[in-house]
Amino acid sequence: MFDTLRQDFRRNRDPLVRLVLSVFRFGQWTAARRTLTRRLCTVPYKLLNLLVIRLGTNSDLPRELSCGPGLRLFHPYGLVFHRDARLGRDVSVYHQVTIGRRDHSGEPEIGDEVTLGAGATVLGPVVIGRGAKIGAGATVLDDVPEGGRAVGPRAVVTGLPAADRLGDGDQGHPLLAGG
């Protein structure tokens, strides 16, 4: 635990980030083996998790998450990671990132040295290759190769009534046109 935490600290200077990572790694330590000492530490961990991670940063970093050393959190706010997702070494994560399931089909596997931009969402049984970069606001539903880039939203709006569609010279729908 301490070697992993030391590698995390090397990549993070912010005291809040260090506190969040300390609680997260402490939780991983308590979940690793079921010894009496670790069972006794579960209650303090749950209290720290509630106060620091859940209420303090509005994040969900479950202790069951498989995460390599060197995790870098630029801003630890609004992070949601599924407990069965897997993160490699030296992963960099900005704020409001979601890594989780889609339709109960499986969890993402994030490779080493991956950067996840602000507001990025990675869903389903996708594999993000080593050194890949996920852009801010990107929604990733497919595999990203090693060193690859994933940018842009994937959402497609369908089913609008014909009167609400934007047309040439039309002012358009006030919600879609920003009016």
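Here's a quick rundown of the structure. (Residues numbered from 1 in each chain as written. Predicted model: local features only at pLDDT ≥ 70, side-chain atom pairs only at ≥ 80, totals over all residues. Heavy atoms only, no water.)

1. Quick notes on the pattern of salt bridges
(1) Moving on: Considering all chains together, one arrives at 10 salt bridges under this definition.
(2) Moving on: Of the charged contacts, one joins Arg 25 and Asp 8 as a salt bridge, the two residues approaching to 2.7 Å between their closest N and O atoms. In this pair, Arg 25 sits in helix α2 (residues 15–32) while Asp 8 sits in helix α1 (residues 2–11), placing the two residues 17 residues apart along the sequence. For the pair shown, Arg 25 and Asp 8 are each scored as buried.
(3) Moving on: Note that Glu 113 is salt-bridged to Arg 130, the shortest N-O span being 2.9 Å. With a gap of 17 residues between them, Glu 113 in the loop between β7 (109–110) and β8 (115–116) and Arg 130 in the loop between β10 (127–128) and β11 (133–134) connect regions that are remote in the sequence. (Salt bridge = Lys/Arg side-chain N within 4 Å of Asp/Glu carboxyl O. Helix = DSSP H or I, 4+ residues; strand = E, 2+ residues; numbered from the N terminus. Buried < 20%, exposed > 50% of the residue type's maximum accessible area, 1.4 Å probe, protein only.)

2. Section: unusual backbone geometry
(1) Moving on: Positive phi, normally seen in glycine, also occurs at Asp 90, with a value near 55°.
(2) Moving on: Relative to the helices and strands, Asp 90 resides in the loop between β4 (86–87) and β5 (92–93).

3. Section: the layout of surface pockets
(1) Moving on: Taken as a whole, the largest pocket encloses approximately 190 Å³ of empty space.
(2) Moving on: Taken together, 14 residues line the largest pocket, and the ones lying closest to its centre are Arg 54, Asp 60, Pro 62, Arg 63 and Glu 64.
(3) Moving on: Listed by contribution, the elements that provide at least two residues to the lining of the largest pocket are α3 (36–57), β3 (80–81) and β6 (98–100).
(4) Moving on: At 4 residues, α3 tops the list of elements feeding residues into the lining of the largest pocket. (1 Å grid on protein atoms, 1.4 Å probe; cavity = no way out; pocket = protein on both sides within 12 Å on 5 of 7 lines; lining within 4 Å. Points joined across faces, edges and corners; volume = space filled by probe spheres on them.)

4. A look at the nonpolar core
Side chains of nonpolar character tend, in soluble globular proteins, to be buried together.
(1) Moving on: Core analysis: the biggest nonpolar cluster contains 37 residues, and Leu 71, Phe 81, Leu 87, Val 93, Leu 116, Ile 128 and Ile 134 have the highest contact counts within it.
(2) Moving on: At the level of secondary structure, the elements contributing two or more residues to this core comprise α2 and α3.
(3) Moving on: Considering every element that reaches this core, the biggest residue donor is α2, with 6 residues.
(4) Moving on: Excluding anything up to four places from it in sequence, Phe 81 contacts Asp 60, Leu 61, Pro 62, Leu 65, Leu 87, Val 93, Val 97 and Ile 99. (Core = buried A, V, L, I, M, F, W, Y, C linked by side-chain atoms within 4.5 Å. Contact = heavy atoms within 4.5 Å.)

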